[in-house]
Amino acid sequence: KSGLCALKRGCVHFDTPSSFYVIDGCAKAFFCTFAGNMRTFQHKVTVNDMGAIVVFGLGAFFCLWHRTNSVMVLLGFLLIIVTLRAVDRAIHSKYVLTDEATLLVMTGRIGRTKQVVLSDVKRVEKRPFAFRLGYYALLEMTDGSVVSVQPDNVDSFLSALEKRIEKKDNKV
């Protein structure tokens, strides 16, 4: 058997053309963690995201340019932090469907990761943004709360999510 199958069985040798050997247990555990059927979807950067980044950046520039008092300087640094968070969220957000029937919503490197159990999802919808500039996925939970995600390819995300939900329902 080749590659990931050998790794899942506990072997440390890949039968690939490059003959990759796992040196230490940490690397083996890392690759075993991601060897399953996980799907990762990147965040779609929208016009609203870019507009917010530009507005916060210009606000920070204005506040630091006109530093007449300490309040403007503090506001400028606060707007720099908000701008960095907006850039981080736009670039590094991703959505991961795991083998354990959960959706991990990672909002950047700075933000927290939200875990959504797929058995708690009651309804999944594709909805348009304001002025029909794009689409996002809205997940309604059994407790009445909603989770909004903006994957780059909404249709592919929804089909993968619905397959995982059906698979989970068939196992129960």
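Here's what I pulled together on the structure shown here.

So, how was this worked out
- Residues numbered from 1 in each chain as written.
- Predicted model: local features only at pLDDT ≥ 70, side-chain atom pairs only at ≥ 80, totals over all residues.
- Heavy atoms only, no water.
- Helix = DSSP H or I, 4+ residues; strand = E, 2+ residues; numbered from the N terminus.
- Expected span 1.5 Å × (residues − 1).
- Contact = heavy atoms within 4.5 Å.
- Patch = residues over 30% accessible without salt bridge, like charges linked within 9 Å, V, L, I, M, F, W, Y side chains within 5 Å.
- Areas by Shrake-Rupley, 256 points an atom, 1.4 Å probe, with all protein chains shown as cover.
- Salt bridge = Lys/Arg side-chain N within 4 Å of Asp/Glu carboxyl O.
- Buried < 20%, exposed > 50% of the residue type's maximum accessible area, 1.4 Å probe, protein only.
- Phe/Tyr/Trp six-rings, centres within 6.5 Å; stacked < 30°, edge-to-face > 60°.
- Lys NZ or Arg CZ within 6 Å of the ring centre and 35° of its normal.
- Polar contact = N/O pair within 3.5 Å; in protein donor to acceptor, adjacent residues only side chain to side chain.
- Core = buried A, V, L, I, M, F, W, Y, C linked by side-chain atoms within 4.5 Å.

**Quick notes on helix H3 (residues 47–65)**
Move 1: Spanning 19 residues, H3 covers 27 Å between terminal C-alpha atoms, matching the ideal 27 Å at 1.5 Å per step.
Move 2: Considering only its buried residues, H3 is in contact with helix H4 (70–92).

**Digging into a nonpolar patch on the surface**
Move 1: Together, Val47, Phe131 and Leu133 give the surface a local cluster of nonpolar side chains, amounting to about 400 Å² of exposed area.
Move 2: Within the secondary structure, Val47 is located in helix H3.
Move 3: Owing to a relative accessible area of 61%, Val47 belongs among the exposed residues under this scheme.

**Some points on the pattern of salt bridges**
Move 1: Evaluation of the coordinates by the stated rule reveals 6 salt bridges.
Move 2: Residues Arg85 and Asp88 are paired through a salt bridge, measuring 3.5 Å at the closest nitrogen-oxygen approach. You can see Arg85 and its partner Asp88 sitting in helix H4, 3 residues apart, about one turn around the helix.
Move 3: Arg85 sits in the partly exposed class, given a relative accessible area of 27%.

**Let's talk about the packing of aromatic side chains**
Move 1: In total, this model carries 4 aromatic pairs according to the counting rule given.
Move 2: With a centroid separation of 5.5 Å and 35° between ring planes, the pair formed by Phe61 and Trp65 is classed as tilted. In this pair, Phe61 and Trp65 both sit in helix H3, 4 residues apart, roughly one turn of the helix.
Move 3: Judged by its relative accessible area of 51%, Phe61 is exposed.
Move 4: Positioned above the aromatic ring of Tyr135, the side-chain terminus of Lys126 is 4.6 Å from the ring centre.

**Concerning the environment of Asn153**
Move 1: For Asn153, the position within the fold is in the loop between strand S7 (146–149) and helix H5 (154–171).
Move 2: Under the relative-accessibility criterion, Asn153 is labelled partly exposed at 42%.
Move 3: Along the backbone, Asn153 and Gln42 are 111 residues apart, and their C-alpha atoms lie at a distance of 8.2 Å.
Move 4: From its side chain, Asn153 meets the backbone nitrogen of Ser156 in a polar contact 3.4 Å long.

**Focus on the nonpolar core**
Move 1: Core analysis: the largest hydrophobic core is formed by 20 residues, its most contacted members being Tyr95, Leu97, Leu103, Leu118, Val149, Phe157 and Leu161.
Move 2: Contributing elements (two or more residues each) for this core: strand S2 (94–97), strand S3 (102–106), strand S6 (135–141), S7 and H5.
Move 3: Of the residues forming this core, the biggest block, 6 residues, is contributed by H5.

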